[in-house]
Amino acid sequence: MTRGLHNRFSRHWFARGFTLIEVLVSLLIFSIGLLGYISLGSMVQARQLEITQRLYALQQVDLLAAQLAANPQDRQQAENAFNQWNLSVHNSGLVNGRGCIDDAVVNDSYTVTVAWQGLSETSEQPLSACGAGEYGADGLRRIVSRSIYISMPASLGSGGNK
């Protein structure tokens, strides 16, 4: 009789300890999953900021293209539009934003480019020289370009990138 009572207590004690271990393992697994979820959230936020900055840059490129196309022959107005646009690029929310006009004219084609600093380095190398060397590693430099076909005054953008 004593022996049967002893076996009953030892099994009960073992079951209580085993349940505690199961709870601790479950908490560990849950904690690892929660850390993964938090890490995923921060990566999504970083990607969302990159996308937002690319949209800002596209808006700035389209803004200058529209301003230059509105009155392509007025040199003073084109230079004023470029200066205001360049200031707008700096204040648009882009990290270290910079605007450039490439004056390599082919059939009245000009390339309007916006460069800014990305959050993480990529292996992609931008083709434009706009903002080259200003952001540390070239993998941090992001660019958006658009070619516009208008007859612009020759002095705007002369001497390379402006």
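Just above, that's the structure.
Residues numbered from 1 in each chain as written. Predicted model: local features only at pLDDT ≥ 70, side-chain atom pairs only at ≥ 80, totals over all residues. Heavy atoms only, no water.

S.K.: Tell me what's going on with the environment of Leu68, and back it up with residues and numbers.
M.R.: Looking at the element boundaries, Leu68 is found in helix 1 (residues 2-70). Between the alpha carbons of Leu68 and Phe82 there is a distance of 8.4 Å; along the sequence they are 14 residues apart. (Helix = DSSP H or I, 4+ residues; strand = E, 2+ residues; numbered from the N terminus.)

S.K.: Talk me through the sheet that holds strand 1 (residues 98-102); I want residue IDs and the actual numbers.
M.R.: Whether parallel or antiparallel, the strands of a sheet pair through hydrogen bonds between backbone atoms. The strand order across the open sheet formed by three strands is 1-2-3, and the pairing between neighbours is antiparallel. Each having just a single partner strand, strand 1 and strand 3 (141-149) make up the two edges of the open sheet. Taken pair by pair, the neighbouring strands of this sheet meet at an average axis angle of 20°, ignoring direction. Note that strand 2 (residues 109-117) and strand 3 share nine bridges and pair antiparallel. Its bridge partner being in strand 3, Ser109 is matched across the sheet by Tyr149. (Pairing = 2+ DSSP bridges. Axes fitted to C-alpha atoms, helices over the stretch in contact; angles between N-to-C directions.)

S.K.: Could you give an account of the packing of aromatic side chains, with specific residues and numbers?
M.R.: Here the distance between the centres and the angle between the planes together describe a pair of aromatic rings. In the structure shown here, the tally under the stated rule is one aromatic pair. Their ring planes at 45° and their centres at 5.8 Å tell us that Phe82 and Trp85 sit as a pair that is tilted. Separated by three residues within a single helix, Phe82 and Trp85 lie in helix 2 (residues 75-90), roughly one turn from each other. (Phe/Tyr/Trp six-rings, centres within 6.5 Å; stacked < 30°, edge-to-face > 60°.)

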